[in-house]
Amino acid sequence: MSRTDPGRTLLIGNPFNEHLIGDLEAFPPAKRRLGGNSSLRMAWLARPGDVVVVAQPADPAFLRYLFGLKGLAPDDVTVLVPPPGRFGTDVLTRDRLLHPDFVKRAGQLVGSNGIERVLPFSFEPAVAALALRLGLERGTPGLGFLAGSGHDLLNAKSAFRSIAEGLGLPLPDGVVTRVRDDAETFASGLLASGKPAIVKQDFHAGAHGNEILAPRPGISQVGAPLMSVLGSPGAVRSHFDRHWQRYSNGGRNYTVVEEYLEDSVPLGSEFAIDDSGVTERHGCEMRMAPVFDGIAIPGLTTSDAVRRQFLDAAARLCEPVRAMGYRGLINIDGLAAPDGRVVLSEYNGRLGGTTHLHWFGENLVGPGYLAERVLVSRNKWRVPSFSAAVRVLERSGLAFDPAERAGVVIACDHVRQGGAVEFCIIARDRDEALRWEKQLSESFPAQQ
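Predicted model, so just to flag it, every value in this text is computed and none were measured.

Q: Quick one: what's the story with the pairing of strand S15 (residues 374-382), residue by residue and with numbers?
A: In terms of strand pairing, strand S12 (residues 292-297) meets S15 through two bridges, oriented antiparallel. Its bridge partner lying in S15, Ala296 is registered against Val376. In the sheet, S15 pairs with strand S17 (residues 420-427) via seven bridges, with the strands oriented antiparallel. Each bridged residue has a counterpart across the sheet, and for Trp381 the counterpart in S17 is Val421.

Right under this line is the structure:
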């Protein structure tokens, strides 16, 4: 199949799974449930005859809204929820994806719908095993690499630094190690010189596995849910005594320690890698509060020149990834530091938090959307109900208008999981996007 006609697809929404996330059991159930429900974003990529696998039952009203914007009838796409697993229906774990009843049902749909390939958010080992059981290996590009655990190479912060350093790409000063003393020594050196450090678990998503170590109070906290102030070598030593097992996943994984570039703008990008080469899809700024909470495509604060410098470096990183045999989407992150440095910070060989937003741009605006529109999203708009959110958009005139190719799209419904929805503003310029966002924030003051 060509890139424009990939064939009917089994889409699997597994952004939170036990292989990608450091420790699902450590997540509070409410956060785990919310993260698992982001699987609904995959439905934006569905075409007639496709099957979408999600973690939790979706509100039928949201599915009607979503498929309506796509120009589809609800029965054009099949939405499946596998039997509950070790975390109930919170997330799509291995026990759910390979449950005999689910494998049987998926197999029936593969046959009846003529499905040719599998497209998950994260191509972790359970998905590879499912693809082989369903006979989808021939239609799924790069399955050999992924079935051979290639997923680990492209979602490990340690592997990213190895490849990027080998290419001479710009990175924050850092160390990759399984040795606690090496990690502590590097962090201590930074803190002693007055610089903050950031410790990253090798496998995690959405910055949840990161912690900032600050030499003094007042350091801005962006890109990490945790921050500790450590003012002496003894405090650093005591901190690593308490947290090394968490950082290293019980000593099983590498740990990354880097200089934390305070007040940097987090940058993101998405590229498509296939047999013909590497295609840049978009660059963006990531909005942190303090962890990932939204996107601005192409950006709100950085210049075109800064984003081009970042994207050119990210594109170089894609070439060895392609040579390894990976085929699919990859998102690469970076930072624009106040001192003018532009560095890369990690890669993820999977779909990302911008994949569905890119679909909005290309399909609701047009192929040239990057030059015509600004897309601004937030993951948490507190609302009393999905229907109330839709009514506010309609009454205020902010609902997406296909004729104007502008307005607000509700990207994902988390009302039952966390009293919120995700939105994406499709605006003509930065000022319009920020004005509409302020209007949304004032729509339900009692919910904020």
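Q: Hey, could you go over the pattern of salt bridges for me, with residue numbers and the actual values?
A: Scanning the model with the defined rule gives 27 salt bridges in all. A salt bridge links Arg33 to Asp90; its shortest N-O distance comes to 3.6 Å. Highlighted residues: Arg33 in helix H1 (residues 29-37) and Asp90 in the loop between strand S3 (78-80) and helix H3 (94-97), separated in sequence by 57 residues.

Q: Mind laying out helix H10 (residues 304-324), listing which residues take part and the relevant values?
A: Its 21 residues place the ends of H10 31 Å apart at the C-alpha level, agreeing with the 30 Å of an ideal helix rising 1.5 Å per residue. For H10, every residue scored as buried is listed here: Arg307, Phe310, Leu311, Ala313, Ala314, Leu317, Cys318 and Val321. Projected onto a plane normal to the axis of H10, the buried residues spread over an arc of 165° and lie on a single side. H10 presents Ala305 and Ala323 as exposed residues on the side facing more than 90 degrees away from its buried surface. Tucked inside the fold, the buried residues of H10 contact helix H7 (157-167), strand S10 (265-274), strand S11 (277-288), strand S13 (328-336) and strand S14 (342-348). Of the residues flanking the end of H10, it is Gly325, one or two places downstream, whose phi is positive at about 110°.

Q: Break down the nonpolar core for me, with residues and values.
A: Core analysis: the largest hydrophobic core is formed by 64 residues, its most contacted members being Phe360, Trp381, Ile410, Ile425 and Ile426. In contact with Ile426, other than residues within four places in its own chain, are Phe360, Leu364, Val365, Arg373, Val374, Leu375, Phe400, Arg405, Ala406, Gly407, Val409 and Trp436. In this structure, Leu98, Val103, Leu109 and Phe310 belong to the second largest nonpolar core, which totals 53 residues.

Q: Any chance you could break down the sheet that holds S15 for me, citing the residues and the numbers?
A: Here eight strands make up an open sheet; going across it, the order is S14-S13-S10-S11-S12-S15-S17-S16 and the pairing antiparallel. In this open sheet, the two edge strands, each paired with only one partner strand, are S14 and strand S16 (407-414). The mean angle between the axes of side-by-side strands here comes to 30°, regardless of whether they run parallel or antiparallel. Both S16 and S17 contribute to a ladder of seven bridges, which runs antiparallel.

Q: Any chance you could break down the environment of His99 for me, citing the residues and the numbers?
A: Relative to the helices and strands, His99 resides in the loop between H3 and helix H4 (100-113). The spatial distance from the C-alpha of His99 to the C-alpha of Gly85 is 8.7 Å, given a sequence separation of 14 residues.

Q: So, the environment of Arg47: which residues are in play, and what are the values?
A: Tracing the sequence through the fold places Arg47 in the loop between H1 and strand S2 (51-53). For the pair formed by Arg47 and His19, sequence separation is 28 residues and the distance between their alpha carbons is 28 Å.

Q: Lay out unusual backbone geometry with the relevant residues and their values.
A: Between Ile297 and Pro298 the backbone carries a cis peptide bond, its omega angle lying at 0°. Of note, Pro298 is situated in the loop between S12 and H10. A positive phi angle, close to 70°, is found at Ser149, a residue other than glycine. Here Ser149 lies in helix H6 (residues 143-153).

How each quantity is defined
Residues numbered from 1 in each chain as written. Predicted model: local features only at pLDDT ≥ 70, side-chain atom pairs only at ≥ 80, totals over all residues. Heavy atoms only, no water. Pairing = 2+ DSSP bridges. Helix = DSSP H or I, 4+ residues; strand = E, 2+ residues; numbered from the N terminus. Salt bridge = Lys/Arg side-chain N within 4 Å of Asp/Glu carboxyl O. Expected span 1.5 Å × (residues − 1). Buried < 20%, exposed > 50% of the residue type's maximum accessible area, 1.4 Å probe, protein only. Arc of directions from axis to C-beta. Contact = heavy atoms within 4.5 Å. Core = buried A, V, L, I, M, F, W, Y, C linked by side-chain atoms within 4.5 Å. Axes fitted to C-alpha atoms, helices over the stretch in contact; angles between N-to-C directions.

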